[in-house]
Every structure is written in C-alpha cells, then in structure tokens.
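Fold and contact review
Chain by chain, the residues:
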Amino acid sequence: MERLIDPARFRDVLGRFASGITVVAALDDGAPAGFACQSFASLSLDPPLVMLAVGRSSSSWPRIRRAGRFCVNILAEDQRTTCAALGRSGADKFAGVPWRVSDHGTVRVDGALAHVECELHEVYEAGDHHLVTAHVVALDAGEDGRPLLYYRSRYAVGAF
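Residues numbered from 1 in each chain as written. Predicted model: local features only at pLDDT ≥ 70, side-chain atom pairs only at ≥ 80, totals over all residues. Heavy atoms only, no water.

Some details on the environment of D46
In plain terms, the rule: Segments assigned H or I by DSSP are reported as helices when at least four residues long, segments assigned E as strands when at least two residues long, and all are numbered from the N terminus. Buried, partly exposed and exposed residues are distinguished by accessible area as a fraction of the type maximum, computed with a 1.4 Å probe on protein chains only: under 20%, between the cut-offs, and over 50%, respectively.
Structurally, D46 is set in the loop between β4 (40–44) and β5 (49–55). Residue classification places D46 among the exposed positions, given a relative accessible area of 73%. Taking the C-alpha atoms as reference points, D46 and I21, separated by 25 residues in sequence, lie 24 Å from one another.

What about the sheet that holds strand β11 (residues 149–151)?
For clarity, the cut-off: For two strands to be treated as a pair, DSSP must find at least two bridges joining them.
Overall, antiparallel pairing links the three strands, which are arranged β1-β11-β12 in an open sheet. The open sheet terminates on both sides in strands that have one partner only, identified here as β1 (19–20) and β12 (154–156). Two elements, β11 and β12, share three bridges in a ladder whose sense is antiparallel. Residue Y151 lies in a different strand from β12, and its bridge partner there is R154.

Examining the side chain of H130
Just so we agree on the cut-off: The definition of a polar contact used here is a pair of N or O atoms within 3.5 Å, where within protein one atom must be able to donate a hydrogen and the other to accept one, and adjacent residues in sequence count solely through side-chain atom pairs. Any two residues whose heavy atoms approach within 4.5 Å at even a single point are treated as in contact.
By the secondary structure assignment, H130 is in strand β10 (residues 129–141). At 3.4 Å, the side chain of H130 forms a polar contact with the side chain of E125. Setting aside residues no more than four positions away along its own chain, H130 makes contact with L52, A53, V54, G55, R56, W61, V123, Y124 and E125.

Examining the packing of aromatic side chains
To describe a pair of aromatic rings, you give the distance between the ring centres and the angle between the ring planes. Applied cut-off: For Phe, Tyr and Trp, rings pair up if their centres lie within 6.5 Å, where Trp contributes its six-membered ring, and each pair is then called stacked (planes under 30 degrees apart), edge-to-face (over 60) or tilted (otherwise).
The final tally for this structure, using the stated rule, is one aromatic pair. Ring geometry for F94 and W99: centres 6.0 Å apart, planes at 65 degrees, overall edge-to-face. On the accessibility criterion, W99 (29% relative accessible area) is partly exposed.

Describing the pairing of strand β9 (residues 114–126)
As defined by bridge partners, strand β6 (residues 69–74) adjoins β9 across six bridges and the pair is classed as antiparallel. Within β9, the position partnered with V72 by the bridge is V116. The pairing of β9 with β10 spans 12 bridges and is classified as antiparallel. In the strand pairing of β10, L120 is matched with A134. Counted along the chain from β9 to the antiparallel partner β10, the turn is two residues long, and its residue G127 has a positive phi close to 60 degrees.

In structure tokens:
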C-alpha cells in the first residue's frame, strides 16, 4: 500500500489530541513490569472492558501479557518522574517509584489518581502496535486531583 500520509505530519496533527497518561503494570515472577501508556480508553460498560495500544517493540509488554493481569494506573499531574521512569527502556524502571501489590496481584503505583485492575481479554495486531482489550475486575479512585496530560509531545496540565 502506498504511503499517503507523512509520518511526521501524522504525529504533529494527532499530537493535538490531549490524552491522559497511565502506567500499565503487572507482576512477572515476583518483579514489577510496566510501561507508560497514553493510548488508553474505556471500551464497554457491559461487560466492563478497556483498551490500550502497545508498541510491538515494547520489552515490557511480553512480561505483562504473560502475567495475564495488570493495573492501569492513571497518573496525577505531580507524577512526571514516574512517567519518565516507566517511559524509558531497559534497566529497573521501578527504581524510586513507590508501588505495591494489589489484592488481585497487579502492580499499583502509589499516588495515582485511579487504578483500573484488569484481566487480559484479547490482543489484536494493529500496524506497529498491539491493540489490547481487557476485562476490568476492580477499580478505585483517590481523592480529587488533576491528571498528567500529554499534548504535542509534551506534558501538559489542564484546568478542570
């Protein structure tokens, strides 16, 4: 198929859609595995499903997929360092990031605005990403706070 859309233009235009930032995290052989993810959304109320997009090159995703369950941690505006830590490749991403194991055996990042605990449902191939759907098995939200947003390849804060 002929490429009609320039990748840089695609990124520039779609970068104008502000999104929240999450950390998707699981336990793999007793150790946390996770990544920062801005491609997350609710999918269905009945049954309760969410979806996320994961780059095919992710080294964390195979570990999370193997675990079969994970927590989507919706980050607060003061969690930029957490986002940066989980957004990098390699090394121990969770060094210096406060977290705990949930009752469902997932990884909850302390200080997140909300936690959405999931069991893997389906994984679809979608270009250079995997499109993941998951059943929500538990969720909660903390006190009011403001989300960490991503807009035009930068962190952003909105007024709510």
